[in-house]
2 protein chains.
Amino acid sequence: MMHGQLKHHIEKLIPLADDEFAFIRSHFISQNFKKGDFLIQQGENVLYLYYVVSGLLKLSYNDESGKEYIVSFSMEDWWESDIQAYYRRTKATMSLQCIEDTDVLCITLEGYKKLCAGLQKMEHFFLEKSIGGHIASQQRILSFITSNATERYEQLLKRYPQLIQRVPKSLLASYLGVSRETLSRLSS
Amino acid sequence: MMHGQLKHHIEKLIPLADDEFAFIRSHFISQNFKKGDFLIQQGENVLYLYYVVSGLLKLSYNDESGKEYIVSFSMEDWWESDIQAYYRRTKATMSLQCIEDTDVLCITLEGYKKLCAGLQKMEHFFLEKSIGGHIASQQRILSFITSNATERYEQLLKRYPQLIQRVPKSLLASYLGVSRETLSRLSS
DNA sequence: TTCTGATTGTGATGTTTGTCACACGACATA
DNA sequence: TATGTCGTGTGACAAACATCACAATCAGAA
């Protein structure tokens, strides 16, 4: 049951009464996608913030020449969207696409605001999640400043060993900011 | 008056009644630092989240060999700390040091929690700030993935033109993840 | 002023990484 | 079976960048 997973996920940070979770649940809808499907298309409006129940997503930016750059991967229990476009109601600068078949729970910005207004705990929950995301981003930046391709790959292996099994190496290369050829030559 | 600046800063996002701001203000203390002083020392506890009233700070990481890597600069109206160490009560992995004489307002984690608990608006404010920080971090990551040193420098010039006037180029180079020699050769 | 330290520019050289090209195997489909 | 796509490895070469060395400039302190 999808919603049970969300309840368990939230309760890792804050305890919930049953009626509180019922209130939370009422703000989400569930959606299913197939490998290759787009949840967000670059240039379009972003309707939802997504909670990944199962599957795997990539958040990526495509430049004019068509090259793809991967900003992040999202696995089970991760929250994902084009944050800027979602919160600021602007057009998406990135796209969100399935690497595997994926089940998500989605919430609109309107729903998000109502949820936070109606249940202060959830504003606290989202703040905690946002802080965690901010910390992770800072460490990734530090990895770019301090390390070369080999070291960045080792750090990725150490931090997200599960990911390497599920993601094509060409996409890992894009995430690390190197060409797929360079990544291929690192193992040596 | 320092506190008037903080009030104005918060009111850019949320309106405040006078008694509400008095409540907010009571959670902060003010501190003054000279150029070169440390607000946070790598390896020590992080007591405060800082709001920069005036001056300029650098948040940086020093590796074993003593090389310095700059994670971010903080100017007027910016919030800064070793976020991970502050929120998770761990030892600082980075240091925070003055590039110029700097006045700040500080709040302890205990004070922060009391403030958010006592005034829901402030939890909302910090969530907005955190989202903004997260967006900025993502764009910096994207800059590392998609761009070479020249392009990253141009993006920095465009985004924070004020900064270039106030920060030594050797520090800008560290922020961009290139050697100072390479940065020096880019203008050509 | 004179000295010292901090900052920056620049040449020479080697390492790292990107780009282009091609080959190979896995897999799905007709 | 034949055919095409996708992911991956690898060689050859060029571009980007780091490192080391040295010189020049500037600001502040004695």
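This one's a predicted model, so the numbers in the text were calculated from it and none came from an experiment.

## Focus on the overall build of chain A
On a plain count of helices and strands, chain A comes out with nine helices and eight strands. Taken along its principal axes, the extent of the C-alpha atoms in chain A is 55 × 30 × 30 Å. For chain A, with 188 residues in total, the buried portion stands at 53%. Taking contacts inside chain A between residues at least 6 apart in sequence as the whole, the part at least 24 apart equals 69%. Accessible surface, chain A: about 8900 Å² in total, of which carbon and sulfur atoms supply 50%.

## Some words on the sheet that holds strand 4 (residues 57–62) of chain B
Taken together, four strands build an open sheet; the order of strands is 2-7-4-5 (chain B) and the sheet is antiparallel. Each having just a single partner strand, strand 2 (38–40) and strand 5 (68–74) of chain B make up the two edges of the open sheet. In this sheet, neighbouring strand axes are inclined to one another by 30 degrees on average, regardless of whether the strands run parallel or antiparallel. Bridge count between strand 2 of chain B and strand 7 (residues 95–98) of chain B: two bridges; the pairing is antiparallel. Paired with Phe-38 of chain B across the bridge in strand 7 of chain B is Gln-97 of chain B. The strands that helix 5 (residues 120–146) of chain A touches are strand 4 and strand 5 of chain B; relative to strand 5 of chain B, the one it contacts most, it runs at about 135 degrees.

## Quick look at the protein's contact with DNA strand C
Around DNA strand C, the surrounding shell holds 17 residues, and the nearest of these are Thr-182 of chain A together with Lys-169, Ser-170, Arg-180 and Arg-185 of chain B. If you look at DNA strand C and keep only atoms within 4 Å of the protein, 36% of those are sugar or phosphate atoms. The side chain of Glu-181 of chain A places a nitrogen or oxygen atom 3.2 Å from a base nitrogen of DNA strand C. At 3.0 Å from a base oxygen of DNA strand C is found a side-chain nitrogen or oxygen belonging to Arg-185 of chain A. Elements represented by at least two residues in the surface near DNA strand C include exactly helix 9 (180–186) of chain A together with helix 8 (169–176) and helix 9 (180–186) of chain B. Among the residues forming the surface near DNA strand C, the class breakdown is three nonpolar, six polar and eight charged.

## Re the environment of Leu-163 of chain B
All names here are of chain B. Looking at the element boundaries, Leu-163 is found in helix 7 (residues 161–166). Since its relative accessible area comes to 4%, Leu-163 is described here as buried. Sequence separation between Leu-163 and Ser-74 is 89 residues; the distance between their C-alpha atoms is 9.4 Å. The contact partners of Leu-163, leaving out residues within four places of it in the chain, are Leu-56, Phe-73 and Met-75.

## Some words on the nonpolar core
Ranked by internal contacts, the top residues of the largest apolar core, which has 98 residues, are Ile-24, Tyr-112 and Phe-126 of chain A together with Ile-24, Tyr-112 and Phe-126 of chain B. The contacts of Ile-24 of chain A, once residues within four sequence positions are left out, are Ile-10, Leu-16, Leu-115, Leu-119 and Met-122 of chain A.

## Concerning helix 4 (residues 109–118) of chain B
Listing the buried residues of helix 4 of chain B in full gives Leu-109, Gly-111, Tyr-112, Leu-115 and Cys-116 of chain B. Down the axis of helix 4 of chain B, the smallest arc covering the buried residues is 160 degrees, so these residues share one side. Projecting away from the buried face of helix 4 of chain B at angles above 90 degrees are the exposed residues Glu-110, Lys-114, Ala-117 and Gly-118 of chain B. Buried residues along helix 4 of chain B sit against helix 5 of chain A together with helix 2 (18–25), strand 3 (48–54), helix 3 (83–88), strand 8 (102–108) and helix 5 (120–146) of chain B.

## Examining the protein's contact with DNA strand D
Near DNA strand D there are 17 residues, and of these Lys-169, Arg-180 and Arg-185 of chain A together with Ala-149 and Thr-182 of chain B occur at the shortest range. At the protein interface, 40% of the atoms of DNA strand D within 4 Å belong to sugar or phosphate. Take Arg-185 of chain A: an N or O atom from its side chain is 2.8 Å from a base nitrogen of DNA strand D. Note that a phosphate oxygen of DNA strand D is positioned 2.5 Å from one of the side-chain N or O atoms of Thr-182 of chain B. Contributing elements (two or more residues each) for the surface near DNA strand D: helix 8 (169–176) and helix 9 of chain A together with helix 9 of chain B. Of the residues in the surface near DNA strand D, the class split is three nonpolar, six polar and eight charged.

## Some remarks on the relation of the copies chain A and chain B
Both copies of the chain are placed relative to one another by a rotation about an axis and a shift along it. For the pair chain A and chain B, the best superposition has an RMSD of 0.0 Å and corresponds to a rotation of 180 degrees with a translation of 0.0 Å parallel to the axis. Overall, the copies show the geometry of a two-fold rotation axis.

## Describing the interface of chain A and chain B
Between chain A and chain B, the contact holds 36 residues from the first and 36 residues from the second. Summed over both sides, the interface between chain A and chain B buries roughly 3500 Å², with carbon and sulfur atoms accounting for 64% of that surface. Across the pair Arg-88 of chain B and Glu-128 of chain A runs a salt bridge, and its minimum N-O distance is 3.5 Å. For the pair chain A and chain B, the number of links is seven residue pairs in polar contact (both at pLDDT 80 or more). At the level of secondary structure, the elements contributing two or more residues to the side of chain A that touches chain B comprise strand 4 (57–62), strand 5 (68–74), helix 3 (83–88), helix 4 (109–118), helix 5 and helix 8 of chain A. Among the elements that take part in the side of chain A that touches chain B, helix 5 of chain A stands out by supplying 21 residues, more than any other. For the side of chain A that touches chain B, the class distribution of residues is 19 nonpolar, 13 polar and four charged.

## Topic: the packing of helix 6 (residues 149–159) of chain B against helix 8 of chain B
How two helices pack is summed up by the angle between their axes together with the distance between the axes. Residue and element names in this part refer to chain B. Running from N to C, helix 6 and helix 8 cross one another at 115 degrees; their axes reach a closest spacing of 10 Å. Judged on the interaxial angle alone, helix 8 and helix 6 are roughly perpendicular. In this structure, the crossing between helix 6 and helix 8 has a hand that is right-handed. The segment helix 6 lies against helix 8, with Arg-152, Tyr-153 and Leu-156 engaging Lys-169, Leu-172, Tyr-175 and Leu-176.

Here is what the cut-offs are and how they apply
- Residues numbered from 1 in each chain as written.
- Chains lettered and ligands numbered in written order.
- Predicted model: local features only at pLDDT ≥ 70, side-chain atom pairs only at ≥ 80, totals over all residues.
- Heavy atoms only, no water.
- Helix = DSSP H or I, 4+ residues; strand = E, 2+ residues; numbered from the N terminus.
- Buried < 20%, exposed > 50% of the residue type's maximum accessible area, 1.4 Å probe, protein only.
- Contact = heavy atoms within 4.5 Å.
- Areas by Shrake-Rupley, 256 points an atom, 1.4 Å probe, with all protein chains shown as cover.
- Pairing = 2+ DSSP bridges.
- Axes fitted to C-alpha atoms, helices over the stretch in contact; angles between N-to-C directions.
- Near = heavy atom within 4 Å.
- Polar contact = N/O pair within 3.5 Å; in protein donor to acceptor, adjacent residues only side chain to side chain.
- Nonpolar A, V, L, I, M, F, W, Y, C, P; charged D, E, K, R; others polar.
- Core = buried A, V, L, I, M, F, W, Y, C linked by side-chain atoms within 4.5 Å.
- Arc of directions from axis to C-beta.
- Least-squares fit on C-alpha atoms with pLDDT ≥ 70 in both.
- Buried area = accessible area lost by both parts, 1.4 Å probe.
- Salt bridge = Lys/Arg side-chain N within 4 Å of Asp/Glu carboxyl O.
- Parallel < 35°, antiparallel > 145°, perpendicular 65-115°, else oblique.
- Left-handed = near helix turned anticlockwise from the far one by under 90°.

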